[in-house]
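# Structural description and commentary
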Amino acid sequence: MNLIFRLIRVLILSLVRPGLHPLDPSSLHFRAWPFDLDINVHMTNSRYFALMDLGRTELILRNGIAKQMFKRKWQPVVSGSTMRFKRAIKPFQKFAVETQALYWDDKGFYLEQRFVSGGKTLALGVVKAVFVGPSGIIRPEEICHLIGADETSPIMPDWLSGWPDMESAIEARLAA
């Protein structure tokens with residue numbers, strides 16, 4: 001239930017904060033409350049993913065994609081994600097979730113989502129997000145064109161170059 005209040009906060013902040021270009025980063029600030037913790041008294045793994053959802057929501061609200069999404073009956077969908085935890089988020093600790101598009105291919109956007117506190121990265125997630133409409137997956141180039149950001153994708157970062165191979169291997173496993 002507590003995430004509904006955070007979602008409402010994100011929605012309100014998105015209305016008053018300036019718009020973003022699709023490649024601009026967004027940043028949301030949080031505090032780890034007792035209901036975010038697990039038995040080890042640090043933020044539970046599932047809460048990271050829930051807060052990443054809020055980070056992506058804020059990004060698409062501020063960069064104009066949400067308007068097109070509602071108008072065209074698209075749905076945002078995570079098609080893949082990976083997460084690396086480096087330092088625990090402790091009770092009452094303040095932290096930020098920084099969300100930024102890295103690049104896109106013919107089907108989806110690849111986003112980096114960092115959990116940061118005191119200038120240190122606590123966790124890093126990479127998400128492939130797609131938009132699905134009544135006739136299937138919407139090409140990122142079409143989305144960028146509709147929001148007035150007609151440009152080609154940045155080059156895939158070298159450190160992420162293994163992702164397409166991993167996706168292909170997982171798809172093959174799912175088909176088996």
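We now turn to the structure provided with this report. The model shown is predicted, which means the values in this text are computed figures rather than measured ones.

Let us now look at helix H3 (residues 65–72). Taken together, the buried positions of H3 are Ile 65, Ala 66, Gln 68 and Met 69. Buried residues in H3, looked at end-on, bunch into an arc of 160°, giving them a common side. In H3, those exposed residues whose orientation departs by more than 90 degrees from the buried face are Lys 67, Phe 70 and Lys 71. Contacts made by the buried residues of H3 are with helix H2 (45–62), strand E2 (75–85), strand E5 (120–133) and helix H4 (140–146). Positive backbone phi, approximately 60°, marks Lys 73, located one or two places after H3.

Moving on, we get to the packing of aromatic side chains. Taken as a whole and assessed by the stated rule, the structure comprises 10 aromatic pairs. An angle of 5° between the planes, with centres 4.4 Å apart, marks the rings of Tyr 103 and Tyr 110 as stacked. Look at Tyr 103 and you get buried, because its relative accessible area is 4%. Here Tyr 110 falls in the buried class, since its relative accessible area comes to 1%. Pairing Tyr 110 with Trp 163 gives two aromatic rings, centres 5.8 Å apart and planes at 90°, and the pair type is edge-to-face. One end of the pair, Tyr 110, is in strand E4 (residues 109–117); the other, Trp 163, is in helix H5 (residues 163–175), and 53 residues separate them in sequence. Note on Trp 163: relative accessible area 4%, which makes it buried. Here the aromatic cluster, defined as three or more aromatic residues joined through ring pairs, consists of Phe 30, Tyr 48, Phe 85, Phe 95 and Phe 115. The ring of Phe 30 has Arg 9 sitting right over it, with the charged end atom 5.7 Å from the ring centre.

Conventions and cut-offs
Each residue is numbered by its place in its chain's sequence as written, counting from 1. Where totals are concerned, whole chains, interfaces and linings use all residues; where local detail is concerned, this predicted model gives features only for residues with pLDDT of at least 70, and gives and counts side-chain atom pairs only at 80 or more. The basis for every side-chain value is the complete set of non-hydrogen atoms in the structure, without hydrogens or water. Burial status follows relative accessibility: with a 1.4 Å probe on protein chains alone, a residue under 20% of its type maximum counts as buried, one over 50% as exposed, and anything between as partly exposed. A run of H or I in DSSP counts as a helix once it spans at least four residues, and a run of E counts as a strand once it spans at least two, with each numbered from the N terminus. What the arc measures is the spread of directions leading from the helix axis to the C-beta atoms. Working rule for contacts: check all heavy atoms of both residues, and any pair within 4.5 Å makes them a contact. When the centres of two rings from Phe, Tyr and Trp lie within 6.5 Å, Trp using its six-membered ring, the rings pair. Their planes under 30 degrees apart give stacked, over 60 give edge-to-face, and anything left gives tilted. Here, a charge over a ring is recorded when the distance from Lys NZ or Arg CZ to the ring centre is within 6 Å and its angle to the ring normal is within 35 degrees.

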